[in-house]
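Report on the structure
Listed below, chain by chain, are the residues.
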Amino acid sequence: MSASAQPLLSVRNLHIRFATQDRGETVKAVDGISFDVMPGETFGIIGESGSGKTTLGRALVSLLPPTEGSILQDGIDPSTLKPSALRQHRRNYQIIFQDPHAALNPRQRVLASVCEPLEIAGGLDRATREQRGLDALARVGIAPEYAQRYPHMLSGGQKQRINIARVLTLRPKLIVCDEVVAALDVSIRGDVLNLFAELQREFGLTYVFITHDLSVVAHVSDRIAVTYLGRLMELGPTLAVGERPLHPYTEALMSADPLPLPSHLRTQRRIVLQGEIPSPIDPPSGCRFRTRCPSAQPRCAAEPPDWRELRPAHWVACHFATPDGPPSRAPQPLPTHPTV
Ligand SMILES: Nc1ncnc2c1ncn2[C@@H]1O[C@H](COP(=O)(O)OP(=O)(O)O)[C@@H](O)[C@H]1O
Ligand code: SF4
Ligand SMILES: [Mg+2]
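Structural notes, computed from the coordinates.

Reading guide: rules and limits
- In this convention, every chain numbers its residues from 1, walking through the sequence in written order.
- A letter from A marks each chain and a number from 1 marks each ligand, given out in the order of writing.
- Confidence filtering applies because this is a predicted model: local features only for residues at pLDDT of at least 70, side-chain atom pairs given and counted only at 80 or more, and all residues used for totals across whole chains, interfaces and linings.
- To get the side-chain values, take all heavy atoms of the structure and skip hydrogens and water.
- Note on aromatic pairs: the rings of Phe, Tyr and Trp (six-membered ring only in Trp) are paired at centre separations within 6.5 Å, and the planes decide the class, stacked below 30 degrees, edge-to-face beyond 60, tilted for the rest.
- In this scheme, a residue with accessible area under 20% of its type's maximum is buried, one over 50% is exposed, and one in between is partly exposed, where area comes from a 1.4 Å probe on protein chains only.
- What counts as a salt bridge is simple: a side-chain nitrogen of Lys or Arg found within 4 Å of a carboxyl oxygen of Asp or Glu.
- Secondary structure elements are defined from DSSP: runs of H or I of at least 4 residues count as helices, runs of E of at least 2 residues count as strands, and each element is numbered from the N terminus.
- In these notes, residues near a molecule or strand are those with any non-hydrogen atom within 4 Å of it.
- Residue polarity is assigned by list, with Asp, Glu, Lys and Arg as charged and Ala, Val, Leu, Ile, Met, Phe, Trp, Tyr, Cys and Pro as nonpolar; anything else, Gly included, falls into the polar class.
- Positive charges come from Lys and Arg, negative ones from Asp and Glu, while His and the chain ends are left out of the count.
- Polar contacts, as used here, are pairs of N or O atoms within 3.5 Å; protein pairs need one atom able to donate a hydrogen and one able to accept it. Residues neighboring in sequence count only if both atoms are side-chain atoms.
- Any two residues whose heavy atoms approach within 4.5 Å are treated as being in contact.
- Here, nonpolar core refers to any group of buried Ala, Val, Leu, Ile, Met, Phe, Trp, Tyr and Cys residues whose side-chain atoms link them within 4.5 Å.
- An automatic or database domain assignment supplies the start and end points of every domain.
- Each cavity reported here is a set of points on a 1 Å grid over the protein atoms alone in which a 1.4 Å probe fits but cannot get out, each pocket an open set with protein on both sides within 12 Å along at least five of seven lines, and each lining residue one with an atom within 4 Å of a point.
- Grid points are joined across faces, edges and corners, and a volume is the space filled by probe spheres set on the points.
- When DSSP finds two or more bridges between a pair of strands, those strands are recorded as paired.

Okay, the packing of aromatic side chains next. Inspection of the entire model under this criterion finds eight aromatic pairs. For the pair Tyr 207 and Phe 209, a centre-to-centre distance of 6.0 Å together with 80° between the ring planes defines the contact as edge-to-face. Phe 209 carries the same exposure label as Tyr 207, and that label is buried. Aromatic pair Trp 307 and Trp 315: ring centres 6.1 Å apart, planes at 20°, arrangement stacked.

Listed below in C-alpha cells is the structure:
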C-alpha cells in the first residue's frame, strides 16, 4: 500500500436514511460518515448492533444509494455511469454476508450457484464460466465432487467458502465482509479467516471487514473504524486503537472484549456501559454517545464534537479526548450504607 495511491473507496459525508412504513419517521442509519480505504488494506469496522454497519457496507458496494454525500469507487461515482459501464464497474465491488445459508439457492447445485454472478455479468461462454467456477471452488478448498451437490448437503463452513468462491469468480478489487464468520462454529472461524488472508495476498484484494467481534477485527485489520449510531467515533491503526484508544466508547468496548494483545497492554478495568444504544430515529443532540458516556459534560449535549487527529493517523470525535487518551471518567457515586 503506497501513501500516494488513490483510495479505492472515498466516502464523504455519507448519509443513508430510511422512511419507516407506519409512522412516517426517518431512520438515520448512517448519519455523516467520511473515510478512505486504500488499495490492498483491510479496513475493520466495529460497533454494536444497530450502529449502521450493514447499511454502510451495502452502500459501499452500491446496493444502497447515498441519501446525501458521496462514495467514489476508484475515483468514480457509480451513479454517473451508463448501464453497461456500470455493470462492468460494479463487479469489482462485492459483499459477503453473515448467513452462509441465505445467500445460496437451496434448489441450485453448488457449481451453478458459483457461476451465477458470472452469468449475470455476461461476456463469457458456459464452458469458460464453469472452468472459472471450478477453479474458484478449488481455491477455497472445496473438492470437485461437491460441485454437483445441493447446499443442504454442506456444512456452514463449506457454504461460506462457496460464497467466497462465488465472489472470487468475478475477480473483484474489493470485498465487504459483513460478519462473515459470526454464524460459523468457533472451531473453524480461524481457518476461514486464514483463507481470507491468503486470498488477499494472492489476488491483491482490499477488504472492508465489518464485525462486532473484536478478536476477529484484530486478527485481520490494518485500521479500525469505530461506529456508534450512524457516526464514526474513532479511526486509527489497529494496534493504536486496541492499545491506547482515544474515545470513551472504544475504551468501553475494548475493556469488555479486549483485543488479543500482550497482557501488559491490556486494560485491566472493565467498563460496563449503561443502557442500550438509542434509536437512530431520534438520536441524542451533540455527541451521539453522551447518554451512555461516563465522562459526559453539558457541552456534549450542546455541540457535536469535531473530528480531530490527535495522534498520527489516529482520529477521534470527542470534545475532551487528548493525545494521552479518553477524558477521565466522572467520579462514581459512593455506595450508600444504611446508618446503624
Ligand atoms: N431497510 C431499512 N428500513 C428501515 N430501517 C432500517 C433498514 N435497514 C436498517 N435499518 C435500521 O438502521 C439501523 C442500522 O441498521 P444496520 O445497518 O443493520 O446496523 P448494524 O449492521 O450495525 O447492526 C437500525 O436501527 C436498523 O433497524
Ligand atoms: S464528547 Fe462528551 S459525551 Fe461524547 S464521548 Fe466525549 S466526553 Fe463523552
Ligand atoms: Mg449488521
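Right, let's get into the pattern of salt bridges. Under the defined criterion, the tally for this structure stands at 13 salt bridges. Note that Glu 130 and Arg 126 form a salt bridge whose closest N and O atoms lie 3.3 Å from each other. Residue Glu 130 and its partner Arg 126 are both found in helix H4 (residues 126–139); the two are separated by four residues, about one turn of the helix. Assessed through its relative accessible area of 29%, Glu 130 is described here as partly exposed. Overall, Arg 126 belongs to the exposed group, its relative accessible area being 58%. Sharing partners across several salt bridges, the network here consists of Asp 31, Arg 231 and Arg 288.

A separate point is the site of ligand 2. Around ligand 2 sit His 247, Pro 248, Cys 287, Arg 290, Cys 293, Ser 295, Ala 296, Cys 300, Cys 318, His 319, Phe 320 and Pro 327, and that is every residue in its neighbourhood. Along the lines of polarity and charge, the residues of the shell around ligand 2 split into eight nonpolar, three polar and one charged.

We now examine the side chain of Glu 234. For Glu 234, the location among the structural elements is in strand S9 (residues 231–237). Here Glu 234 sits buried without a salt bridge, and the closest side chain of opposite charge, Arg 311, lies 5.9 Å off (N-O distance). Engagement of the side chain of Glu 234 in a polar contact is seen with the side chain of His 314, the distance being 2.6 Å. Not counting chain neighbours up to four residues away, the residues in contact with Glu 234 comprise Ile 224, Ala 225, Val 226, Val 241, Pro 245, Leu 246, His 247, Thr 250, Trp 307, His 314, Trp 315 and Val 316.

This part is about the nonpolar core. Within the largest apolar cluster, 33 residues are counted, with the highest numbers of intra-cluster contacts made by Leu 137, Ile 164, Phe 196 and Phe 209. Only helix H3 (110–121), H4, helix H5 (156–168), strand S6 (174–178), helix H6 (186–203), strand S7 (206–211) and helix H7 (214–220) provide two or more residues apiece to this core. Residues lining this core come from more than one domain, with at least three contributed by each of domain 1 (9–92 + 172–188 + 195–316) and domain 2 (106–171). In this structure, Ile 164 is in contact with Ile 96, Val 140, Val 192, Leu 195, Phe 196 and Leu 199, ignoring residues within four places of it in sequence. Leu 56, Ala 59, Val 61 and Leu 64 belong to the second largest nonpolar core, which has 26 residues in total.

So, about the layout of surface pockets. The computed volume of the largest pocket comes to approximately 600 Å³. Lining the largest pocket are 22 residues, with Gln 94, Ile 95, Pro 117, Arg 166 and Leu 170 positioned closest to its centre. The set of elements that each furnish at least two residues to the lining of the largest pocket consists of helix H2 (83–90), strand S5 (93–96), H3 and H5. Taken together, the residues that form the lining of the largest pocket break down as 13 nonpolar, three polar and six charged. Each of domain 1 (9–92 + 172–188 + 195–316) and domain 2 (106–171) accounts for three or more of the residues forming the lining of the largest pocket. Approximately 250 Å³ is the volume found for the second largest pocket. Residue lining of the second largest pocket: 14 residues in total, with Gly 32, Arg 231, Leu 232, Trp 307 and Ala 317 positioned closest to the centre.

In this section: the pairing of strand S3 (residues 42–46). Along S3, five of the five residues are buried, which leaves the element largely enclosed by surrounding structure. Direction of pairing for S3 relative to S7: parallel, over a ladder of five bridges. In the strand pairing of S7, Ile 46 is matched with Thr 211. Where S3 and strand S8 (residues 223–228) come together, four bridges link them in parallel fashion. Looking at S8, one finds that Gly 44 is bridged to Ile 224.

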